[in-house]
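# Examining the three-dimensional arrangement
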Amino acid sequence: MARMSAEERRESVIRAATIEFARGGYHGTSTEAIARRVGVSQPYLFRLFPGKKAIFLAAARRCVEDTIRTFAEASEGLEGEEALHAMGNAYTKVIAERPERLMMQLQMYVAVKAAEEEGDHEFGESVRDGWMRLWDTVHVPLGADVNETTTFMAYGMLVNCLAAMGFPPEHRVWEGLYPSARLKGRLEI
């Protein structure tokens, strides 16, 4: 079996960190758990990343980039309502199939607030920058209409909350959402 390059190992750390941080949050996840999941030592982990914060921010950036890619691919060549439903369908499918992405998003928001309460604004700057790129990715296919974009993002946050709380797709709380915003299957976290 060929040895992984440092970049391949770095990618495996980001994937493992996403799963660990999604489950335990920033403060509840140890670098030891991440190293163990990847199958490397902590000293090797710190050759790839300068510390836990850098690992978390890399996982957060990846989470946002994956969501941006999901929306961009789903809306390619579409506009308005067609784009809205394509993005909604794609997103609910992703969070049903990859619940760690939903959980990582939620952990990112908690980490920002906790870090800023402690005087650390780097978390917030990085996460807000990613979120604005996400906003812009959705904004253009929705006709660059701020109200449409706000509504889409608000529905998305509601979907996140309902899915994270474990409401099954057939529950009445989903009835008010347009069909493409409804969860496509039971979320197993």
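Anyway, here's the lowdown on the structure attached to this text. (Residues numbered from 1 in each chain as written. Predicted model: local features only at pLDDT ≥ 70, side-chain atom pairs only at ≥ 80, totals over all residues. Heavy atoms only, no water.)

## Examining helix 7 (residues 122-139)
Defined as follows: In this text, helices come from DSSP runs of H or I with a minimum length of four residues, and strands from runs of E with a minimum of two, each type numbered from the N-terminal end. Given a helix with a known number of residues, its expected span is that number minus one, times 1.5 Å. We call a residue buried when its accessible area falls under 20% of the maximum for its residue type, exposed when it is over 50%, and partly exposed in between, using a 1.4 Å probe and counting protein chains only. Contacts between residues were defined by any pair of non-hydrogen atoms, one from each residue, lying within 4.5 Å.
Here helix 7 spans 25 Å end to end across 18 residues, near enough to the 26 Å set by a 1.5 Å rise per residue. Of the residues making up helix 7, those classed as buried are Phe123, Gly124, Ser126, Val127, Gly130, Leu134, Trp135, Thr137, Val138 and His139. Close packing links the buried residues of helix 7 with helix 1 (6-28), helix 4 (52-75), helix 5 (80-97), helix 6 (99-117) and helix 8 (146-164).

## Here's the deal with the side chain of Thr70
Going by this rule: As used in this structure description, the phrase polar contact means that two N or O atoms lie within 3.5 Å; if the pair is within protein, one of them must be able to donate a hydrogen and the other to accept it, and residues adjacent in sequence are counted only when both atoms belong to side chains.
Locating Thr70 in the fold gives a position in helix 4. Relative accessible area serves as the criterion here: at 11%, Thr70 is assigned to the buried category. Polar side-chain contacts of Thr70 include one of 2.9 Å to the backbone oxygen of Asp66. In this structure, Thr70 is in contact with Ala90, Tyr91, Val94 and Arg101, ignoring residues within four places of it in sequence.

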